[in-house]
Amino acid sequence: MLAEVPGRGRIAALIADQRVRFLAIGAFNTAFAFVVFAVLQILVGSAVGYLVVLLFAHVVGVLEAFVVYRLTVFRVRGNVLQDLVRFETVYLVALAVNLALLPLLVEVVRLEVLVAQGVIVVVTSLLSFFGHRDFSFRRPELPS
C-alpha cells in the first residue's frame, strides 16, 4: 500500500512510487514502440520483411525509452553511455526473445504479424522492469 506524501496526498504518492512511474511510462513506451513497428510494417514491411522492420523499430524504441526512463522513472545521473549500453543489453535479451517468438507465432501458430507482436510486447515488457531497475540504472549503495 502506498503511503501518502505529507502535505500532497494520494496522487503525489502514486507519482512518487517508482513502480507506478515505470508502469505508466512503460505503457507509453510500449505503445510508442508498437506504433513505430506497425507504421514501418505497413509502409515497408512487404518490401523488407517483418524481421527487418522489427530491428529498425527496436532501435527507435530503445532510444526513446532510454531517455524517458532515465529522466522520469529511475532519475539517475552519471555515465550516460554506460547506462545506454546496459539498457540496450536488457533490450537485446527482449529482442532475442522477440526474434525467436515472432516467426513462431506468425509461421506456426498463424497469428497475424501485428497481433503476434502485441502478444510478445506484453511478455517482454513484464521482464524489463527488473532488468532496468537491477542492471541498467543500478547505482552502488553508498555506505551509511
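Residues numbered from 1 in each chain as written. Predicted model: local features only at pLDDT ≥ 70, side-chain atom pairs only at ≥ 80, totals over all residues. Heavy atoms only, no water.

The number of helices and strands found in the protein chain is five helices and zero strands. Along the protein chain, from the amino end to the carboxyl end, the secondary structure elements read α-α-α-α-α. Overall, the C-alpha framework of the protein chain stretches about 55 × 30 × 25 Å when taken along its three principal axes. Out of the 144 residues in the protein chain, the part that is buried amounts to 36%. A fraction of 63% describes how many contacts in the protein chain between residues 6 or more apart in sequence connect residues 24 or more apart. Total accessible area on the protein chain stands at roughly 8900 Å², and carbon and sulfur atoms take up 72% of it. (Helix = DSSP H or I, 4+ residues; strand = E, 2+ residues; numbered from the N terminus. Buried < 20%, exposed > 50% of the residue type's maximum accessible area, 1.4 Å probe, protein only. Contact = heavy atoms within 4.5 Å. Areas by Shrake-Rupley, 256 points an atom, 1.4 Å probe, with all protein chains shown as cover.)

Moving on to helix 4 (residues 80-108). With 29 residues, helix 4 extends 41 Å from end C-alpha to end C-alpha; this agrees with the ideal 42 Å at 1.5 Å per step. Buried residues of helix 4: Asp 83, Phe 87, Val 90, Tyr 91, Ala 94, Leu 95, Asn 98, Leu 102, Leu 105 and Val 106, and no others. At its buried positions, helix 4 is contacted by helix 2 (18-48), helix 3 (50-73) and helix 5 (113-136). Structurally, the start of helix 4 carries an N-cap: the backbone nitrogen of Leu 81 is 3.0 Å from a side-chain oxygen of Asn 79. One or two steps after helix 4, the chain reaches Arg 110, where phi turns positive at roughly 70 degrees. (Expected span 1.5 Å × (residues − 1). Polar contact = N/O pair within 3.5 Å; in protein donor to acceptor, adjacent residues only side chain to side chain.)

With that out of the way, let us pick up the pattern of salt bridges. Close approach of charged atoms lets side chains of opposite charge pair. Applying the stated criterion across every chain, the model contains two salt bridges. A salt bridge links Asp 17 to Arg 19, with the shortest nitrogen-to-oxygen separation between them at 2.6 Å. The shortest N-O distance in the salt bridge between Asp 83 and Arg 70 comes to 2.9 Å. With Asp 83 in helix 4 and Arg 70 in helix 3, this residue pair connects regions lying 13 residues apart in the sequence. Taking the relative accessible area as the measure of exposure, Asp 83 reaches 2% and is therefore buried. By relative accessible area, which is 10% here, Arg 70 ends up buried. (Salt bridge = Lys/Arg side-chain N within 4 Å of Asp/Glu carboxyl O.)

Approximately 610 Å³ is the volume attributed to the largest pocket. For the largest pocket, the lining is made up of 29 residues, of which Thr 30, Tyr 91, Val 121, Thr 124 and Ser 125 are closest to its centre. Among the elements that take part in the lining of the largest pocket, helix 2 stands out by supplying ten residues, more than any other. (1 Å grid on protein atoms, 1.4 Å probe; cavity = no way out; pocket = protein on both sides within 12 Å on 5 of 7 lines; lining within 4 Å. Points joined across faces, edges and corners; volume = space filled by probe spheres on them.)

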